[in-house]
Amino acid sequence: MLLMVLQSVVPPLPATPIQVAGGYVFGTPAAFAMSWAGIMLGSAICFGISRLTGRRFVVRSRRLARLDHSIQKHGAIIAFVAGLIPLISFGAVSYAAGLSGLSFWRFILAAALGLTPSTLAIVHLGGAETAPGIYAALGALAAISVAAYAYYRRLS
């Protein structure tokens, strides 16, 4: 769990190998719980750091006002979809969300919902003992990602 918090706060560190290894070492249920809790705690820390240190610069900038308004309006959907995609650094998404006017609770709820299927699928890759289990996890993740993208496109 500590490694997942650390990888969130230090964005160049990748989450996927940690999650796969966790699934292998601890099994899917325990690795999922630790990974998900670590990512959520790390995301909250990243959001808080950028909100406290960088938000005032965004508020003062007229050039960023339109972007900020757009993120306030659509930021929860963006965070949700980003959480579904395992190769995106969610720490970076969390830092960006903290700079925007998106409320903390909307961000956390969207992150929690988006990160759940991708985290489960990734730790299952490490914890699955059979190839069909791995393919089922990857298929479920792909289906959820396509559905979320289609939903997002319909809203835009």
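The model shown is predicted, which means the values in this text are computed figures rather than measured ones. (Residues numbered from 1 in each chain as written. Predicted model: local features only at pLDDT ≥ 70, side-chain atom pairs only at ≥ 80, totals over all residues. Heavy atoms only, no water.)

Quick look at the packing of helix α2 (residues 16-26) against helix α3 (residues 28-60) now. Between α2 and α3, the shortest axis-to-axis distance is 7 Å and the interhelical angle comes to 145 degrees. In the packing of α2 onto α3, the handedness of the crossing is right-handed. Judged by residue contacts, Gln-19, Gly-22, Gly-23 and Phe-26 of α2 engage Thr-28, Ala-30, Ala-31, Met-34, Ser-35 and Ile-39 from α3. Residue classes in the contact of α2 with α3 are distributed as five nonpolar, five polar and no charged. (Axes fitted to C-alpha atoms, helices over the stretch in contact; angles between N-to-C directions. Helix = DSSP H or I, 4+ residues; strand = E, 2+ residues; numbered from the N terminus. Left-handed = near helix turned anticlockwise from the far one by under 90°. Contact = heavy atoms within 4.5 Å. Nonpolar A, V, L, I, M, F, W, Y, C, P; charged D, E, K, R; others polar.)

Before going further, it helps to spend a moment on the packing of aromatic side chains. Here the structure, examined in full by the defined rule, presents four aromatic pairs. With a centroid separation of 5.4 Å and 65 degrees between ring planes, the pair formed by Phe-47 and Phe-104 is classed as edge-to-face. In this pair, Phe-47 sits in helix α3 while Phe-104 sits in helix α6 (residues 104-127), placing the two residues 57 residues apart along the sequence. Cluster of aromatic residues (ring-pair linked, three or more members): Phe-47, Phe-90, Phe-104, Trp-105 and Phe-107. (Phe/Tyr/Trp six-rings, centres within 6.5 Å; stacked < 30°, edge-to-face > 60°.)

A word on a nonpolar patch on the surface. A cluster of nonpolar side chains, namely Met-1, Leu-41, Ile-45 and Ile-49, defines an oily patch on the protein surface of about 330 Å² accessible area. Here Met-1 falls in the partly exposed class, since its relative accessible area comes to 47%. (Patch = residues over 30% accessible without salt bridge, like charges linked within 9 Å, V, L, I, M, F, W, Y side chains within 5 Å. Areas by Shrake-Rupley, 256 points an atom, 1.4 Å probe, with all protein chains shown as cover. Salt bridge = Lys/Arg side-chain N within 4 Å of Asp/Glu carboxyl O. Buried < 20%, exposed > 50% of the residue type's maximum accessible area, 1.4 Å probe, protein only.)

Attention now goes to the side chain of Ser-8. Looking at the secondary structure, you find Ser-8 in helix α1 (residues 2-9). Ignoring any residue separated from it by four or fewer positions in sequence, one finds Ser-8 in contact with Gly-38, Ile-39, Gly-42, Ser-43, Cys-46, Gly-91 and Tyr-95.

Now for helix α4 (residues 65-84). Compared with an ideal rise of 1.5 Å per residue, which puts 20 residues at 28 Å, α4 spans 27 Å between its outermost C-alpha atoms and is within 8% of the ideal. Among the residues of α4, Asp-68, Gly-75, Ala-76, Ala-79, Val-81, Ala-82, Gly-83 and Leu-84 are the ones counted as buried. (Expected span 1.5 Å × (residues − 1).)

Turning next to the packing of α4 against α6. The relative placement of two packed helices comes down to the angle between their axes together with the axis-to-axis distance. In the contact formed by α4 and α6, the axes pass within 6 Å of each other and the chain directions differ by 20 degrees. Classified by the angle their axes make, α4 and α6 are roughly parallel. Once α4 is placed against α6, the crossing between them reads as right-handed. Contacts between α4 and α6 involve Gln-72, Lys-73, Ala-76, Ala-79, Phe-80, Gly-83 and Leu-84 from the former and Arg-106, Phe-107, Ala-110, Leu-113, Gly-114, Leu-115, Pro-117 and Ser-118 from the latter. Of the residues that constitute the contact of α4 with α6, the class distribution is nine nonpolar, four polar and two charged. (Parallel < 35°, antiparallel > 145°, perpendicular 65-115°, else oblique.)

Glancing now at the layout of surface pockets. Considering only enclosed or pocket space, the largest pocket measures out at about 250 Å³ in volume. Contributing to the lining of the largest pocket are 24 residues, with Ala-15, Pro-86, Ile-88, Ser-89 and Phe-90 lying nearest its centre. Those elements giving two or more residues to the lining of the largest pocket turn out to be α1, α2, α4, α5 (90-99) and α6. The element contributing the most residues to the lining of the largest pocket is α6, with four residues. (1 Å grid on protein atoms, 1.4 Å probe; cavity = no way out; pocket = protein on both sides within 12 Å on 5 of 7 lines; lining within 4 Å. Points joined across faces, edges and corners; volume = space filled by probe spheres on them.)

In this structure's numbering, the residues bearing the UniProt feature "domain: VTT" (unreviewed entry) are residues 13-126. Secondary structure content for residues 13-126 is 85% helix and 0% strand, while the C-alpha to C-alpha distance between its ends is 18 Å. (UniProt positions renumbered as here; feature names shortened; annotations may be inferred.)

Mapped onto the present numbering, the UniProt feature "transmembrane region" (unreviewed entry) falls on residues 31-54, 75-98, 104-126 and 133-152. The span residues 31-54 is 100% helical and 0% strand by assignment, and the distance between its end C-alpha atoms comes to 33 Å. The straight-line gap between the two end C-alpha atoms of residues 75-98 is 10 Å; of that span, 79% is helix and 0% is strand.

A word on the environment of Ala-142. One can find Ala-142 in helix α7 (residues 131-155). Using a relative accessible area of 41% as the deciding quantity, one classes Ala-142 as partly exposed.

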